[in-house]
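Observations on the model geometry
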Amino acid sequence: MNCIELRNVVKKYGKVTALNNVSFTIECGEKVALLGPNGAGKSTTLKLIVGLLRPDNGEVLVKGLDPFSTKARGIIGYLPEDASPYLMLTVRENLEYIASLRGVNNVKDKVDKLLDFLALRQYEKNRVMSLSRGNRQKLALALALIHDPEILLLDEPLNYLDIPTQERVISLLNSMTNATMLVSTHIMSIARRLASKVIVLSNGQVVWQGNISDLKKFG
Ligand code: ADP
Ligand code: ADP
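The sections below set out a description of the structure shown in this document. Not measured: the values here are computed from a predicted model. (Residues numbered from 1 in each chain as written. Chains lettered and ligands numbered in written order. Predicted model: local features only at pLDDT ≥ 70, side-chain atom pairs only at ≥ 80, totals over all residues. Heavy atoms only, no water.)

**Looking at the environment of D148**
Mapped onto the elements of the fold, D148 is located in the loop between α5 (133-145) and β6 (151-155). According to the relative accessible area criterion, D148 is exposed, its value standing at 55%. With 44 residues separating them along the chain, D148 and V104 place their C-alpha atoms 8.7 Å apart. One polar contact links D148 to K110, side chain to side chain, over a distance of 3.3 Å. (Helix = DSSP H or I, 4+ residues; strand = E, 2+ residues; numbered from the N terminus. Buried < 20%, exposed > 50% of the residue type's maximum accessible area, 1.4 Å probe, protein only. Polar contact = N/O pair within 3.5 Å; in protein donor to acceptor, adjacent residues only side chain to side chain.)

**Comments concerning the packing of aromatic side chains**
All chains considered together, the criterion is met by 1 aromatic pair. Summarising the aromatic geometry, the rings of Y86 and Y97 are spaced 5.6 Å apart at their centres and angled 80° between planes, so their arrangement reads as edge-to-face. Remark: Y97 occurs in helix α3 (residues 91-101) and Y86 occurs in the loop between β5 (76-79) and α3; sequence separation between them is 11 residues. The partly exposed category is assigned to Y97, whose relative accessible area is 37%. Seen from the ring of F68, R54 lies directly overhead, with NZ or CZ sitting 3.7 Å from the centre. (Phe/Tyr/Trp six-rings, centres within 6.5 Å; stacked < 30°, edge-to-face > 60°. Lys NZ or Arg CZ within 6 Å of the ring centre and 35° of its normal.)

**Topic: the side chain of E124**
Position of E124 relative to the elements: it lies in the loop between α4 (107-117) and α5. For E124, a relative accessible area of 14% translates into the label buried.

**Structural notes on the site of ligand 1**
If you check the shell around ligand 1, you find Y13, V16, A18, P37, N38, G39, A40, G41, K42, S43 and T44 and nothing else. Residue A40 places a main-chain N or O atom 3.1 Å away from an oxygen atom belonging to ligand 1. A distance of 2.8 Å separates an oxygen atom of ligand 1 from a polar atom in the backbone of S43. Within the complex, the protein chains bury 60% of what would otherwise be the 560 Å² of accessible surface of ligand 1. (Near = heavy atom within 4 Å. Areas by Shrake-Rupley, 256 points an atom, 1.4 Å probe, with all protein chains shown as cover.)

**Overview of the pairing of strand β7 (residues 180-185)**
Most of β7 sits inside the fold, with 6 of its 6 residues counted as buried. The sheet contact formed by strand β3 (residues 31-35) and β7 spans 5 bridges and is parallel. Each bridged residue has a counterpart across the sheet, and for K31 the counterpart in β7 is M181. A crossover links β6 with its parallel partner β7, the connecting element being helix α6 (residues 163-175), and its sense is right-handed. (Pairing = 2+ DSSP bridges. Right-handed = clockwise from strand over helix to strand, strands pointing away.)

**Describing the site of ligand 2**
Within the structure, ligand 2 sits among V50, L52, R73, I76, G77, Y78, P80 and R102. Relative to its free-state accessible area of 550 Å², ligand 2 is covered by the protein chains to the extent of 52%. Put simply, ligand 2 lies in the largest pocket. Looking at the shell around ligand 2 residue by residue, the classes come out as 5 nonpolar, 1 polar and 2 charged. (1 Å grid on protein atoms, 1.4 Å probe; cavity = no way out; pocket = protein on both sides within 12 Å on 5 of 7 lines; lining within 4 Å. Sits in = over half its atoms within 2 Å of the grid points. Nonpolar A, V, L, I, M, F, W, Y, C, P; charged D, E, K, R; others polar.)

Next comes the structure, spelled out in structure tokens:
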């Protein structure tokens, strides 16, 4: 079944065309990297799928649904590029608050598990404003995962993380075998670790897509 579909999508910011006639399909369960340099249109693509932006032309579908529908939003977990958890709340309060908004059961168990897995337990009572960039990034990832989303949209998920933490996050994401994942990155080696397929964006257009093992020249 198609989980994510873009058909001839055009997105402009004023005079800047961020996406120019982008089409692709992602099947449920696939792990796909959205690869391209800065400004290629990766974040814009993810925002259209989350329903934070509307296309100027063309169509975006999430399991056949309009991304703006409540149902589509419920099945998506999104890590924004400029993730900003609530600064005045503690790490645990952020997780509990978002979990309650998303109707999560067994909140305490879920929160404990994510805190442990991401090595955030020692900061659980700290306010976000006191955290380092890397720990904020880990919290943002935990917030995207708290409701066990079927579809994960991750914008440069390893940003700001040190190497051991990157490895931890890679193994967490690799363990989510059932989820459909679309991960943006400008780094080929990260794409290889997280995805089996790749969509290469350049100047707002898809210039290559296929199995990552067939991708050679964009190293
Ligand atoms: P990427 O995530 O690949 O770096 P983006 O989707 O952020 O690319 O940006 C694609 C293009 O759209 C770039 O030229 C960028 O400068 C432009 N752009 C992105 N967001 C805005 C915005 N809010 N206003 C104006 N231009 C934007
Ligand atoms: P708004 O109506 O202001 O766009 P949203 O609820 O759509 O509010 O989004 C608020 C913020 O929550 C977004 O900027 C995004 O970072 C985050 N967000 C939205 N949808 C999801 C999701 N499914 N999973 C995780 N974070 C999300």
